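# Examination of the molecular architecture
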Amino acid sequence: MLNKAEVFTSFVKKVYDNLIPFEVLLELTYRCNLKCIHCWVGEPPGEELTTEEWKNILNQLADAGTFSISFTGGEPFLRDDWLELSLYAKKLHFAISFLTNGTLITPAIAKALKDVNPVNVEVSLHGATPETHDQITQVKGSFKKVINAIHYLREEKIHVVASTRIMNVNFQEVPYLDKLIKELGIVGGMGYAITPPHTSEEQIKRPVEKIRISLHQFSCIFPFIYPDISKTIRRRLEIKPFCNNNIFNCGAGISVVLISPKGDVYPCTVLHLKAGSLRLESFKEIWTQSELLLQLRELRNTPSPICSNCDLSFYCSRCPGLALLEGKDIGEPPDGTCERAALVKEKLEVENPDLIQMLQNQEV
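What comes next concerns the included structure. Starting afresh in each chain, residues are numbered from 1 along the sequence in its written order. The model is predicted, so local features are restricted to residues of pLDDT at least 70 and side-chain atom pairs to those at 80 or more, both for listing and for counting; the totals for chains, interfaces and linings are taken over all residues. In computing side-chain values, all of the structure's heavy atoms are included and hydrogens and water are not.

Secondary structure elements are taken from DSSP: a helix is a run of H or I of four residues or more, a strand is a run of E of two residues or more, and numbering for both begins at the N terminus. Counting its secondary structure elements, the protein contains 16 helices and nine strands. Counting every position in the protein, which comprises 364 residues, the buried fraction comes to 50%. Contacts between residues were defined by any pair of non-hydrogen atoms, one from each residue, lying within 4.5 Å. Pairs at least 24 apart in sequence give 73% of the contacts found in the protein among residues at least 6 apart. Areas reported as accessible are Shrake-Rupley estimates using a 1.4 Å probe. Residue values count occlusion only from the protein chains shown. When the accessible surface of the protein is summed, it comes to about 17,800 Å², and 53% of that surface belongs to carbon and sulfur atoms. Note on exposure labels: buried denotes an accessible area under 20% of the residue type's maximum, exposed denotes more than 50%, and partly exposed covers the range between, all computed with a 1.4 Å probe on protein chains only.

For the bond running from glycine 73 to glycine 74, omega is 20°, close enough to zero to count as cis. With respect to the secondary-structure elements, glycine 74 resides in the loop between strand E2 (68–72) and helix H3 (82–91). Look at leucine 19: it is not a glycine, yet its phi comes out positive at around 50°. With respect to the element layout, leucine 19 can be found in the loop between helix H1 (4–17) and strand E1 (23–27). Take leucine 19: its relative accessible area is 32%, and that puts it in the partly exposed class. Positive phi, normally seen in glycine, also occurs at glutamine 138, with a value near 60°. Assignment of secondary structure puts glutamine 138 in the loop between helix H5 (130–137) and helix H6 (142–155).

Attention now goes to the packing of H3 against helix H4 (residues 107–116). The angle between two axes is taken between their N-to-C directions and runs from 0 to 180 degrees, where each axis is a line fitted to C-alpha atoms and a helix contributes only its stretch in contact. Direction vectors running N to C along H3 and H4 enclose 20°, while the axes themselves pass 9 Å from each other. Here H3 lies roughly parallel to H4, going by the angle between them. The handedness of the crossing between H3 and H4 is right-handed. Contact residues: H3 offers Trp82, Leu83, Ser86, Leu87 and Lys90, while H4 offers Ile109, Ala112, Leu113, Asp115 and Val116. Each angle receives one of four descriptions, namely roughly parallel if under 35 degrees, roughly antiparallel if over 145, roughly perpendicular if within 65 to 115, and oblique otherwise. Here a crossing is called left-handed whenever its near helix is offset anticlockwise from the far helix by less than a right angle, and right-handed whenever the offset is clockwise.

Residues belong to one nonpolar core when they are buried, are Ala, Val, Leu, Ile, Met, Phe, Trp, Tyr or Cys, and are joined through side-chain atoms within 4.5 Å. In this structure, Ile69 and Leu125 are the most contacted members of the largest nonpolar core, which totals 86 residues. Filtering out sequence-adjacent residues up to four positions away, isoleucine 69 remains in contact with Val24, Leu26, Leu58, Leu61, Ala89, Phe94, Ala95, Ile96 and Ser97. One finds Ile136, Ile194, Val208 and Ile211 within the second-largest nonpolar core, a separate group that totals five residues.

Listed as buried for H3 are Trp82, Leu85, Ser86 and Ala89. On an axial view of H3, the arc spanned by its buried residues comes to 100°, and they lie on one face. In this description, one arc is meant: the one made by directions from the helix axis to the C-beta atoms.

Now for the pairing of strand E3 (residues 95–100). Judged by how many residues are buried, E3 sits mostly within the fold: five of six residues are covered. One bridge is not enough; two strands pair if DSSP finds at least two bridges between them. In the sheet, E2 pairs with E3 via four bridges, with the strands oriented parallel. Opposite phenylalanine 71, over in E3, you have phenylalanine 98 as the bridge partner. Once you follow E2 into H3 and on to E3, the crossover reads as right-handed. Once you follow E3 into H4 and on to strand E4 (residues 120–124), the crossover reads as right-handed. A crossover gets the label right-handed when its path from the first strand over the helix to the second runs clockwise, viewed with the strands pointing away from the viewer.

So this is what it looks like as structure tokens:
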């Protein structure tokens, strides 16, 4: 009988081997009622997909074998048809999640969400105080609305996840944020990656270097980012055969894909290279025939001249999309990746030397 790790590995293998678009992010709109300092989302020209166009896409995803969909934006609750689309997706038996800033969630919306029965609702929470959170969102009163939204969702027994992006602005509040999240009775996820805007013009206007945390700051809050580093590394070990250290090393365009409000298909939120348009082609055509996606899949089998033989490769979280946005080659590590990987290994050597030895024995 297979153990849990073996079952998980077998499942991931099936997804990758059969090129199943397992997880799809649906950006319902680029519109947002906040102006977060770290957000790269803009409003390019063009009409948003209609309700019927989205339903047609959901049908195509169901036919393609998609399991999980996430409604996101922008702010998804700015779409008047979010509930209609959500209930339609429910009929197609998708596992449904929402990614939201939380400010538009009222008791009525929380009750409506209960009918959708989402796996979770991920709510942005960027500060432990109104001053810090509102400074990041640039909208006064947004912190209070988020906290209220969490209470409304909890009252409806909906699983809530607090999503925090750690920056210079809120770095000092991380321990208090962790405490607040626990007091709210929800779970949280803290990330440190700040994605540059997708155009060079916007990158000049909003340089991410000003808000990214330093390696020293990363080290100080390491336990909050990786509350169980051994578990994280063991999970990486389970999926190692599929998330290798070749030039392209992740599931974007292989098991994960993003659909924009205009119907454009991208490998993921960060790797913003257009694979096709669902207003011109079917999802099946794009998924199986897109030149971009075929090239990315080929790069998964091409060793990286920089990273393939690195003894830190197993401890790093190299993002090809982020490398491109930083003006690097798709197979290069983004800024700070190697230094953080060394720190992860150092922390693991203290916490779980036996796991380090196991990884060395397997020539990871």
